[in-house]
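Structural description and commentary
Listed below, chain by chain, are the residues.
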Amino acid sequence: SEFMADYITNSKNRKLKKRIENLISRVGFWAGKLPLSGRFILLLTGILFLSLFFPWLELRLSDNSVQRYFAFSQYTGYVGYGILIASIIIPFFLLSHTKKEFVRAYVPFRLSDTQAVVFIASMIFVALIQFLFTAGIYNQIALGGVEIQNWFFVAITTVLLIIVAGFWLSKNMKKINTEMYYLDH
């Protein structure tokens, strides 16, 4: 009985390990098909996602207490939720080949993968700039001062780099598509 329980546990562990290995190999294979700029966008998206878990804003109150707020706070305009969604959508457009066509069937306009990535990153960039402009009004609450933390600047820098890398990715994809067209004809 103990042998059978160990066998079943080991079997389940092997199956789980195999599923994880398959997922990693698929993601690696899909990312391997991307030009360097596409892989760079994936890396930047990971860094952008990571920035969500560190404080973006610090308010020093009149009683010398300090309050730190993350990207999911009302003080940051809840921009973290948009970044969370973007952190899912950007890799989806870069790595998925069949499922995104299903999604595109319901969208009334046509965007290429790189246009979708640049569009999403641009929306996030606008939200970050809006936060930057509105952060100064918190001086009315925080009489001791308002300080925008480094992780906000990491986020805005990665979004800018995603936009720039999106243009490079677009250029590379046009070149690849042109070469494929000439090879087919």
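Our subject is the structure that appears above.
Report on the accompanying structure. (Residues numbered from 1 in each chain as written. Predicted model: local features only at pLDDT ≥ 70, side-chain atom pairs only at ≥ 80, totals over all residues. Heavy atoms only, no water.)

**Side note on the nonpolar core**
Counting 38 residues, the largest nonpolar core has Ile-41, Trp-56, Leu-57, Ile-83, Leu-94 and Leu-128 as its most contacted members. Listed by contribution, the elements that provide at least two residues to this core are α2 (36–51), β1 (57–60), α3 (79–95), α5 (113–134) and α6 (150–184). The element contributing the most residues to this core is α6, with eight residues. With near-sequence residues (within four places) excluded, Ile-83 lies in contact with Leu-48, Leu-52, Trp-56, Ile-124 and Leu-128. (Core = buried A, V, L, I, M, F, W, Y, C linked by side-chain atoms within 4.5 Å. Buried < 20%, exposed > 50% of the residue type's maximum accessible area, 1.4 Å probe, protein only. Helix = DSSP H or I, 4+ residues; strand = E, 2+ residues; numbered from the N terminus. Contact = heavy atoms within 4.5 Å.)

**Regarding the sheet that holds β1**
Ordered in space as β2-β1-β3, the three strands form an open sheet in which the pairing is antiparallel. Sheet topology places β2 (66–69) and β3 (145–148) at the edges, where each strand pairs with a single neighbour. Neighbouring strand axes in the sheet, compared pairwise and without regard to direction, differ in orientation by 15° on average. Pairing of β1 with β2, which is carried by four bridges, proceeds in the antiparallel orientation. Each bridged residue has a counterpart across the sheet, and for Glu-58 the counterpart in β2 is Arg-68. (Pairing = 2+ DSSP bridges. Axes fitted to C-alpha atoms, helices over the stretch in contact; angles between N-to-C directions.)

**Some thoughts on the environment of Leu-52**
Of note, Leu-52 is situated in the loop between α2 and β1. Relative accessible area serves as the criterion here: at 1%, Leu-52 is assigned to the buried category. Taking the C-alpha atoms as reference, Leu-52 lies 8.7 Å from Phe-152; in sequence the two are 100 residues apart. With residues near it in sequence (within four places) discarded, Leu-52 still touches Phe-70, Ala-71, Phe-72, Gly-80, Ile-83 and Leu-84.

**Observations regarding the layout of surface pockets**
Space inside the second largest pocket adds up to approximately 310 Å³. What lines the second largest pocket is a set of 17 residues, among which Ile-89, Phe-93, Leu-111, Ala-116 and Ile-120 lie closest to the centre. Elements with a contribution of two residues or more to the lining of the second largest pocket: α3, α4 (99–104) and α5. Considering every element that reaches the lining of the second largest pocket, the biggest residue donor is α3, with six residues. Taken together, the residues of the lining of the second largest pocket sort by class into 14 nonpolar, one polar and two charged. (1 Å grid on protein atoms, 1.4 Å probe; cavity = no way out; pocket = protein on both sides within 12 Å on 5 of 7 lines; lining within 4 Å. Points joined across faces, edges and corners; volume = space filled by probe spheres on them. Nonpolar A, V, L, I, M, F, W, Y, C, P; charged D, E, K, R; others polar.)

**Describing the pairing of β1**
Alignment of β1 against β3, held across four bridges, turns out to be antiparallel. In the sheet register, Leu-57 faces β3, and the bridge partner there is Ile-148.

**Thoughts on the pattern of salt bridges**
Enumeration according to the criterion identifies three salt bridges in this entry. A salt bridge links Arg-60 to Glu-58, with the shortest nitrogen-to-oxygen separation between them at 3.0 Å. With relative accessibility at 7%, the residue Glu-58 sits in the buried group. The partner of Glu-147 in a salt bridge is Arg-60, and the shortest N-O contact between them spans 2.5 Å. Of the two residues, Glu-147 sits in strand β3 while Arg-60 sits in strand β1, which places them 87 residues apart along the sequence. (Salt bridge = Lys/Arg side-chain N within 4 Å of Asp/Glu carboxyl O.)

**A few points about unusual backbone geometry**
A positive phi angle, close to 70°, is found at Asn-64, a residue other than glycine. A positive phi angle, close to 55°, is found at Tyr-78, a residue other than glycine. For Tyr-78, the position within the fold is in the loop between β2 and α3.

**Comments concerning the packing of α2 against α3**
As a packed pair, α2 and α3 sit with axes 10 Å apart at the nearest point and diverge in direction by 160°. Judged on the interaxial angle alone, α3 and α2 are roughly antiparallel. For α2 against α3, the interelement crossing comes out left-handed. In this structure, α2 uses Gly-38, Ile-41, Leu-42, Thr-45, Leu-48 and Phe-49 to contact α3, whose residues at the interface are Ile-83, Leu-84, Ala-86, Ser-87, Ile-90, Pro-91, Leu-94 and Leu-95. (Parallel < 35°, antiparallel > 145°, perpendicular 65-115°, else oblique. Left-handed = near helix turned anticlockwise from the far one by under 90°.)

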